[in-house]
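Understanding the architecture of this molecule
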Amino acid sequence: MVGRSVITLDDLSIPQITDLIRKATYIDSHRKDVAHTCDGRVLATLFYEPSTRTRLSFETAMLRLGGKVIGFAGAQLASVTKGESIADTLKTVSNYVDVVAIRHPKEGAALVASRAASVPVVNAGDGGHMHPTQTLADLATLQSRFGRVTDLTIGLCGDLTFGRTVHSLIETLCRFGNVRFVLISPDELRTPQYVLDRIDATPSCSYVEVRDLVSVIGDLDALYMTRVQKERFFNEDDYLRLRDTYILDESKLALARPEMAVLHPLPRVNEIAVEVDDDPRAAYFEQVKNGMLMRMALMSSVIGDDLPGYVPLEPKEVQA
């Protein structure tokens, strides 16, 4: 993985993803041991659209590894306001840093960045397309809750049209196989056809599309909630009409299995009632921690800095 950019998780093999999950678990229990793994390294966070959690997660991940961080948050703070292209920005920043995390509202921007850069580029979200490090956090959370990421029935609820986290998670779980998807949304926010085609192309995976959360919540091992994202709508009336379509509260949760896990990429608006936070099935703040740990694992891997004391999988097990 040394020197490799990660634009989608298709850039990594399943054994490599599995090893990253193992590394994240190791990091969590060996915080002091890994605190100097990336001494002298610098991360650039180039965030062309607003983000709090993802940007702080990347920055904290590098700081906890002993490195430093430079960057900007908001296109108005970058030379793009002067007309500079993404490619030129990356060619310039590559001279300063060892790894780049980029977030951009346009699909494909991260790929353009990776082709221009001379250091590894990690996609921190590009438009409605892919958000690979959030998916790594999701996988790590499923692994910690169930001891596996396969042989599960996973419900995905809310905005399934524009939710890049949903698309990334479905596509990656299809690569692992043996997952049953329950896609819960209004007609206006259904899962795109290309994502459904990916499920159909995986013999061991299946899906159903439903409108009613209550009717299926009792069948789920995990429920992945999403917010209806105002920034993805051209028409504010459509946003206001659909915003409150699905809200998870105690009454709905009472119908779910005792061991079901509730995930959410955050930030939430009101799609999960605050009362759910105290339920042991709420796993979304655990996801936040797992996101930081997975970004620590990923960045140290693409830079090529070994975690002290970590014993990797055998090379034959991590080949692409």
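In the annotation of an unreviewed UniProt entry, the protein is listed under the name Aspartate carbamoyltransferase and assigned to Bifidobacterium phasiani. UniProt's Pathway (unreviewed entry) comment on the protein is quoted here verbatim: "Pyrimidine metabolism; UMP biosynthesis via de novo pathway; (S)-dihydroorotate from bicarbonate: step 2/3." In UniProt, the protein has this text filed under Function (unreviewed entry): "Catalyzes the condensation of carbamoyl phosphate and aspartate to form carbamoyl aspartate and inorganic phosphate, the committed step in the de novo pyrimidine nucleotide biosynthesis pathway."

In the numbering used here, UniProt assigns the feature "binding site: L-aspartate" (unreviewed entry) to Lys82, Arg164 and Arg227. Structurally, the position occupied by Arg227 is in the loop between strand E8 (222-225) and helix H8 (236-242). For Arg227, the residues in contact, after removing those within four places along its chain, are Asp159, His264, Pro267, Val269 and Glu271.

By the element assignment, Ser94 lies in the loop between helix H3 (86-93) and strand E3 (99-104). For Ser94, the side chain forms a polar contact with the main-chain oxygen of Leu90, separated by 2.7 Å. Excluding residues within four positions of it along the chain, Ser94 makes contact with Ala117, Ser118 and Val119.

Counting 60 residues, the largest nonpolar core has Leu156, Ile170, Leu173 and Phe181 as the members making the most contacts within it. By residue number, the principal contributor to this core is helix H10 (residues 284-303), which donates nine residues. Residues in contact with Leu156, not counting those within four places in the same chain, are Val166, Leu169, Ile170, Phe181, Val182, Leu183, Ile184 and Tyr224. Leu223, Leu253, Ile272 and Val276 belong to the second largest nonpolar core, which has 20 residues in total.

This brings us to the pairing of strand E5 (residues 152-157). Burial analysis of E5 places six of its six residues in the buried class, which makes it a mostly covered element. Neither face of E5 is left uncovered, since the one carrying Leu152, Ile154 and Leu156 and the one carrying Thr153, Gly155 and Cys157 both have all their residues buried. Relative to strand E6 (residues 179-184), E5 is paired through six bridges, and the arrangement is parallel. In the sheet register, Leu156 faces E6, and the bridge partner there is Leu183.

Quick look at the sheet that holds E3 now. Pairing within the open sheet is parallel, and its four strands lie in the order E2-E1-E3-E4. Edge positions in the sheet fall to strand E2 (68-73) and strand E4 (121-126), since each has one partner strand and no second. Across the sheet, the mean angle from the axis of one strand to that of its neighbour is 10°, orientation sign disregarded. Taken together, the four bridges between E3 and E4 define a ladder with parallel strand orientation. Bridging from a neighbouring strand, Val100 pairs with Val121 of E4.

Attention shifts here to unusual backbone geometry. The residue after Leu266, namely Pro267, is reached through a cis peptide bond having omega 5°. Tracing the backbone shows Pro267 in the loop between strand E9 (261-263) and H10. Residues other than glycine seldom take positive phi values, yet Asn178 does so here, at roughly 60°. In this structure Asn178 comes out as partly exposed when scored by relative accessible area, which is 43%. Of note in this structure, Leu266 is not a glycine but carries a positive phi near 60°. Tracing the chain through its elements places Leu266 in the loop between E9 and H10.

Below, the discussion takes up the packing of helix H5 (residues 132-146) against helix H6 (residues 164-176). Where H5 contacts H6, the axes come no closer than 9 Å and their chain directions differ by 55°. The angle between H5 and H6 places the two elements in the oblique class. Crossing hand, H5 versus H6: right-handed. Contacts between H5 and H6 involve Pro132, Gln134, Thr135, Asp138, Leu139 and Leu142 from the first element and Thr165, Ser168, Leu169, Thr172, Leu173 and Phe176 from the second.

What counts as what
Residues numbered from 1 in each chain as written. Predicted model: local features only at pLDDT ≥ 70, side-chain atom pairs only at ≥ 80, totals over all residues. Heavy atoms only, no water. UniProt positions renumbered as here; feature names shortened; annotations may be inferred. Helix = DSSP H or I, 4+ residues; strand = E, 2+ residues; numbered from the N terminus. Contact = heavy atoms within 4.5 Å. Polar contact = N/O pair within 3.5 Å; in protein donor to acceptor, adjacent residues only side chain to side chain. Core = buried A, V, L, I, M, F, W, Y, C linked by side-chain atoms within 4.5 Å. Buried < 20%, exposed > 50% of the residue type's maximum accessible area, 1.4 Å probe, protein only. Pairing = 2+ DSSP bridges. Axes fitted to C-alpha atoms, helices over the stretch in contact; angles between N-to-C directions. Parallel < 35°, antiparallel > 145°, perpendicular 65-115°, else oblique. Left-handed = near helix turned anticlockwise from the far one by under 90°.

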